[in-house]
2 protein chains.
Amino acid sequence: MGGKSKFELKTPKGTKDWDGKDMVIRDKIFSTITQVFKRHGGVTIDTPVFELKEILAGKYGEDSKLIYDLADQGGEICSLRYDLTVPFARFLAMNKDITNIKRYHIAKVYRRDQPAMTKGRMREFYQCDFDIAGVYDPMLPDAEVLRIICEVFEGLGWDKAYTIKLNHRKILDGIFQVCGVPEDKIRTISSAVDKLDKLPWADVRKEMTEEKGLDGDIADRIGEWVVHKGKHELLDKLRNDPKLSANASMQAGIADLSLLFQYLEAFDVLDRVSFDLGLARGLDYYTGLIYEVVTEGSAPEATPGAAAAVAAPAPKRRGKGGEDDDRSNDPTVGVGSVAAGGRYDNLVGMFSGKSQIPCVGISFGVDRIFSITKARMAADKSATQVRNNEVDVYVMAFGGKGFVNERLSVCAKLWEGGIKAEFLYKVKPKVPQQFKAAEANGVPFAIFLGDDEVAQGNVKIKEMGLRDGHPEKEGVLVSLDNMVGEVRARLERKKELERIVQQAEGLRVVDGIKTEDVATTEDAAAAGAPSTTQ
Amino acid sequence: MGGKSKFELKTPKGTKDWDGKDMVIRDKIFSTITQVFKRHGGVTIDTPVFELKEILAGKYGEDSKLIYDLADQGGEICSLRYDLTVPFARFLAMNKDITNIKRYHIAKVYRRDQPAMTKGRMREFYQCDFDIAGVYDPMLPDAEVLRIICEVFEGLGWDKAYTIKLNHRKILDGIFQVCGVPEDKIRTISSAVDKLDKLPWADVRKEMTEEKGLDGDIADRIGEWVVHKGKHELLDKLRNDPKLSANASMQAGIADLSLLFQYLEAFDVLDRVSFDLGLARGLDYYTGLIYEVVTEGSAPEATPGAAAAVAAPAPKRRGKGGEDDDRSNDPTVGVGSVAAGGRYDNLVGMFSGKSQIPCVGISFGVDRIFSITKARMAADKSATQVRNNEVDVYVMAFGGKGFVNERLSVCAKLWEGGIKAEFLYKVKPKVPQQFKAAEANGVPFAIFLGDDEVAQGNVKIKEMGLRDGHPEKEGVLVSLDNMVGEVRARLERKKELERIVQQAEGLRVVDGIKTEDVATTEDAAAAGAPSTTQ
């Protein structure tokens, strides 16, 4: 068993443990997202955390240097996955019988970011991906992915305080071609445009001309276009330009977006998108529609040009608020986009050679979504406490005997009835210790076992934190046989009261994060909610 | 974007993708286990998939050679986690403010098993761990962990067709001491005993004497004890042996087990355990109670001695069966134990030096549990089909117009109402294609949009697979405004009918795996379940 360790006790650089309330909040975010994915017929797959190194090679451009390799311990050379998209494409290429699928995958990915590049970015982090693979009529799956994005953020209680910026690779290519960018410079000029959300145009222009050797006139012509954003009217602007509208790539892109806007209208989410010619996206494998989601304050603290690109299109608020509206007070400014994706029709073919499966998808950046959600909860003074666990009942002994066997037997009955219950691991626990343990976790109910109760085959059920004068303030005596039913009835009643309170407050919160707030429940009862005691 | 790949398209050795029905079944197993963990107040933590190499060093004895290392790409040297216990101990040592916790963790672990050793064992596999850390009165947390094991397997529908074999390190040590094993040979002789479930005593004795240099007489004395199993009566047998009962370690072990049996009785699970002196467990870090779970047929196809150790203690069956009772037909013979654990009071101290936190826990081997569950489902002819996804409604167009915008708008309304819905990504889909897509996933309801329906603001709701003569066989016309409510009512009714059918059949299955079985639902209705159509 060896001696004591002398090294520093820590997790590896760029990784962290998740526990306590952070873990609870993150789990709720996962469950909200999963619920949306399933509502759209998504099925999940699970791929290994590492892949053959060759699978990842040549997929990430200059970011390939960030890939983690496993040591060569004999046998195959492997690397930790860098994202969930390439493993998905590898999976499709390997399973020839799967020609279409709506798959979601929530899992960790790994990027060996250099210290100078980290900016708080983790080396191990979660992605939540949803992708639709298959040969279909144009833009129908693309439109559903955008609808899914909206359902996720509404499900998280973000209302309309986010914008989906979208563009089309074929439209960008059309602009580059018409402006005179040589074919071999198109991808690298596109990468420069992608920096428009972080840098002013002057810097981007400088990169194009000085670093990438583009003619200044060409850069200026590009600069006239990439500042535009809008919707139908911007499509019309492109259509009405004689040179652009003559370009084949542009025509294909315009046809796609025109159809997309029609479908988004039918899906009732057209107001959530902004067609933004300055959006380019870094990854090479996109072939059509591209998009990323920014929220109020999620973009970097930026230059004027960038800030304009971030403004939400007149966000209309539903409900009665409950969230912090004030951008200047938002503690999450600068976390970047919270989700991004696009269409990639050629990636599967890179593995399978002959068979090609077109795909479109979205990846949610859960860590950023988590930071924003947590900051908003902290700023929301009306928000109730997040509980560490979900225990319903704490089983306590009164008097000096401890009643250890009786407590165990009561717990067994409660568990058998599906009720979450705990007790103190002491043979003769003190009463204050038991109360402290129950209160520390915000457990809503206690069951008392004293001399009289045990002698008569009863228990006392008490709701924690009831006010003076409440008929159940001192607890209610019930027989052991009725215990499970009585506890269940009180739990349901309590949940119902909380729902009423939340509705009354017009709160929109992540489902289930708001839980026990004893005083609030009491207020609801006092405020005229149907009296349920007795 | 490079050319085509030339390497073999595969996942790394010892890893696999999970998808389709396997993934659905595994998810249900996770959710059953999680539900039990939460019922006992468990909270979850998430640790990085890799740890500093030094953290894992010196924890796994000779199995350390199976640890996966990350390549040295500059910076810290890391390894993939080998289990979830050592990262948990590291977490506790790092977070001094956490002095007690019931934590669960469901995650992948990594073991670079050599080809000759694999025997179908994966290099990447899931563990589901539950551990209770904290200074408490003896055996109370230990008893709750055993109760949790029982709830998990009952939750999985295994009834009592499993046995928890348990032993105590201090009792083993007492036997070894009294038999005359030199102190420095105790752990290595213990490892030999651990092989009793795979090898006959003669082979184990040979390992003790020939490989490990133990005196033959001593080995024979050990051999007389380690074949015993029982419960109270075996404790008495140990108590009544004058030499053993004089041994301090033995006395401590007997006191623990005596208390444990009392608590297990109160928890109503004493009949599920077998005190087995032949159980030793390989890992060095256990300090007290140890246990592993075997199920009918889960132990290796073994020698007579081993087979006896596996027999369940007169398993009484609840319900009316539904599972394959015949061991000889069990397709899962030989998968080994399905869960294992014990008390480890010194592991946290290996990291933190000064502060020690006693722990006890259990690790469920999900892959083995999955194999057995799947095999049982396949053998159960009354089991219904496992669905790939959970879609409630398929939205279809009738006639030549396709009604693409209308279908999208109907889907948006359904999703808004929390109903899981799909449609075919075609502008003008053919009717048979739409039916085929719905039937392939066993979608229970369809919504039809034809000329008449669209003109009048209606849709037709149809339950799939209804028999001739059923009043809703041809579908029911409802207005768009009532659609969500009508669909919801039918889904609830269908679920209720299925519940009745399952109760009637006395089936105990993994919650939720049994889903749509149209004929069965109809049978239930025909058999007198309250008529709910209209």
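Computed from a predicted model, the values in this text were never measured in an experiment.

Caption draft 1: The overall build of chain A, seen in detail. Along the backbone of chain A there are 20 helices and 16 strands. The 534 residues of chain A split such that 56% are buried. Sequence-distant contacts, at least 24 apart, represent 72% of the contacts inside chain A between residues at least 6 apart. When the accessible surface of chain A is totalled, it reaches about 21,200 Å², and 50% of it is carbon and sulfur.

Caption draft 2: Structural detail: the packing of aromatic side chains. Summed over the entire model, instances satisfying the criterion amount to 40 aromatic pairs over all chains. Taking 5.1 Å as the distance between ring centres and 45° as the angle between the ring planes, the aromatic pair formed by Phe37 of chain A and Phe130 of chain A counts as tilted. A residue pair is termed long-range when its members are at least 10 positions apart, and Phe37 of chain A in helix 1 (residues 20-39) and Phe130 of chain A in strand 5 (residues 124-133) qualify at 93 residues. A single burial state applies to Phe37 of chain A and to Phe130 of chain A, both of which are buried. Taken together, a centroid distance of 6.2 Å and an interplanar angle of 65° make the contact between Phe423 of chain A and Phe267 of chain B edge-to-face. Of the two residues, Phe423 of chain A is situated in strand 13 (residues 421-423) and Phe267 of chain B in the loop between helix 12 (248-266) and strand 8 (273-276); the pairing between them involves two chains. Of the two residues, Phe423 of chain A and Phe267 of chain B, both sit in the buried class. Clustering of aromatic rings is evident, with ring pairs tying together Phe37, Tyr104, Phe130, Phe153, Trp158, Tyr162 and Phe364 of chain A. Here Arg103 of chain B stacks its cationic end above the ring of Phe88 of chain B, 4.1 Å away from the centre of that ring.

Caption draft 3: Representation of the sheet that holds strand 13 of chain A in the model. Residue and element names in this part refer to chain A. Within the open sheet, the five strands sit side by side as 13-12-14-15-16. Their pairing is mixed. Every interior strand has two partners, whereas the edge strands, strand 13 and strand 16 (476-479), have only one. The sheet shows a mean angle of 30° between the axes of neighbouring strands, direction not considered. Of the pairings in the sheet, the one linking strand 12 (residues 393-397) to strand 13 comprises three bridges and is parallel in character.

Caption draft 4: Geometry of the relation of the copies chain A and chain B. Superposition of chain A onto chain B requires a rotation of 180° combined with a translation of 0.0 Å along the rotation axis, giving an RMSD of 0.0 Å. Put plainly, the chains are arranged around a two-fold axis. Of the residues that chain A buries at the interface, 100% are likewise interface residues in chain B, meaning the two copies contact each other through the same surface.

Caption draft 5: Here's a closer look at the domain arrangement of chain A. For chain A, the assigned domains are domain 1 (20-300 + 333-379) and domain 2 (393-505). Each of domain 1 of chain A and domain 2 of chain A was reduced to a C-alpha centroid, and the two centroids are 51 Å apart.

Caption draft 6: Local environment of the pattern of salt bridges. Counted under the stated rule, the structure contains 66 salt bridges over all chains. Within this structure, Arg26, Lys108 and Glu124 of chain A together with Asp46 of chain B form a network of salt bridges that share partners.

Caption draft 7: Highlighting unusual backbone geometry. The phi torsion at Asp268 of chain A lies on the positive side, around 65°, for a residue other than glycine. Tracing the sequence through the fold places Asp268 of chain A in the loop between helix 12 (248-266) and strand 8 (273-276).

Caption draft 8: Spotlight on the UniProt feature "domain: Anticodon-binding" (unreviewed entry) in chain A. With numbering aligned to this structure, UniProt lists the feature "domain: Anticodon-binding" (unreviewed entry) at residues 392-489 of chain A. Structurally, residues 392-489 of chain A is divided into 40% helix and 23% strand, and its ends, taken at the C-alpha atoms, are 12 Å apart.

Caption draft 9: Molecular detail of helix 8 (residues 201-211) of chain B. Residues and elements named next belong to chain B. Those residues of helix 8 not exposed but buried are Val204, Glu207, Met208 and Thr209. Against helix 7 (186-193) and helix 9 (216-225) lie the buried residues of helix 8. A positive phi of about 65° marks Gly213, the residue just after helix 8.

Caption draft 10: Structural view of the confidence of the model for chain A. All names here are of chain A. On average, chain A scores 85 in pLDDT, and the residues at 70 or more come to 84%. Within the model, the stretch residues 1-5 combines pLDDT values under 50 with eight contacts to residues more than four positions away or in other chains. Taken as a whole, residues 299-334 scores under 50 in pLDDT and shows 67 contacts with residues more than four places along the chain or in a different chain.

Caption draft 11: Structural detail: the interface of chain A and chain B. Taken together, the contact between chain A and chain B spans 98 residues of the former and 98 residues of the latter. Where chain A packs against chain B, one counts 14 salt bridges. At the boundary of chain A and chain B, one finds 45 residue pairs in polar contact (both at pLDDT 80 or more). Among the elements that take part in the side of chain A that touches chain B, helix 16 (residues 404-416) of chain A stands out by supplying eight residues, more than any other. Of the residues that constitute the side of chain A that touches chain B, the class distribution is 47 nonpolar, 18 polar and 33 charged.

Caption draft 12: The arrangement of the side chain of Thr11 of chain B in detail. Take Thr11 of chain B: it is sitting in the segment before helix 1 (20-39). Thr11 of chain B gets classed as buried once you look at its relative accessible area, which sits at 11%. Of the polar contacts made by the side chain of Thr11 of chain B, one reaches the backbone oxygen of Thr15 of chain B; its length is 3.0 Å. If we ignore the near neighbours within four places in the chain, the residues touching Thr11 of chain B are Pro48, Arg90 and Met94 of chain A together with Lys16 and Asp17 of chain B.

Caption draft 13: Representation of the pairing of strand 5 of chain A. All names here are of chain A. The element strand 5 is largely enclosed, with a buried count of ten among its ten residues. Judged by which residues are buried, strand 5 turns out to be covered on both faces: Glu124, Tyr126, Cys128, Phe130 and Ile132 on one side and Phe125, Gln127, Asp129, Asp131 and Ala133 on the other are all buried. As defined by bridge partners, strand 4 (residues 101-110) adjoins strand 5 across ten bridges and the pair is classed as antiparallel. Bridge pairing in strand 5 places Ile106 opposite Cys128.

Caption draft 14: Summary view of the sheet that holds strand 5 of chain A. Residue and element names in this part refer to chain A. Overall, mixed pairing links the nine strands, which are arranged 1-4-5-11-10-9-6-8-7 in an open sheet. Among the strands making up the open sheet, the edge pair consists of strand 1 (43-44) and strand 7 (229-230). Of the strand pairs in this sheet, strand 9 (residues 289-295) and strand 10 (residues 339-344) are connected by four bridges, and their pairing is antiparallel. Directly across from Val293, in strand 10, lies its bridge partner Ala339. Against the sheet, helix 6 (residues 169-179) makes contact with strand 6 (162-168), strand 8 and strand 9, and its axis sits at roughly 55° relative to strand 6, the strand it touches most.

Cut-offs used in this document
- Residues numbered from 1 in each chain as written.
- Chains lettered and ligands numbered in written order.
- Predicted model: local features only at pLDDT ≥ 70, side-chain atom pairs only at ≥ 80, totals over all residues.
- Heavy atoms only, no water.
- Helix = DSSP H or I, 4+ residues; strand = E, 2+ residues; numbered from the N terminus.
- Buried < 20%, exposed > 50% of the residue type's maximum accessible area, 1.4 Å probe, protein only.
- Contact = heavy atoms within 4.5 Å.
- Areas by Shrake-Rupley, 256 points an atom, 1.4 Å probe, with all protein chains shown as cover.
- Phe/Tyr/Trp six-rings, centres within 6.5 Å; stacked < 30°, edge-to-face > 60°.
- Lys NZ or Arg CZ within 6 Å of the ring centre and 35° of its normal.
- Pairing = 2+ DSSP bridges.
- Axes fitted to C-alpha atoms, helices over the stretch in contact; angles between N-to-C directions.
- Least-squares fit on C-alpha atoms with pLDDT ≥ 70 in both.
- Domains from an automatic or database assignment.
- Salt bridge = Lys/Arg side-chain N within 4 Å of Asp/Glu carboxyl O.
- UniProt positions renumbered as here; feature names shortened; annotations may be inferred.
- pLDDT = per-residue confidence, 0-100.
- Polar contact = N/O pair within 3.5 Å; in protein donor to acceptor, adjacent residues only side chain to side chain.
- Nonpolar A, V, L, I, M, F, W, Y, C, P; charged D, E, K, R; others polar.

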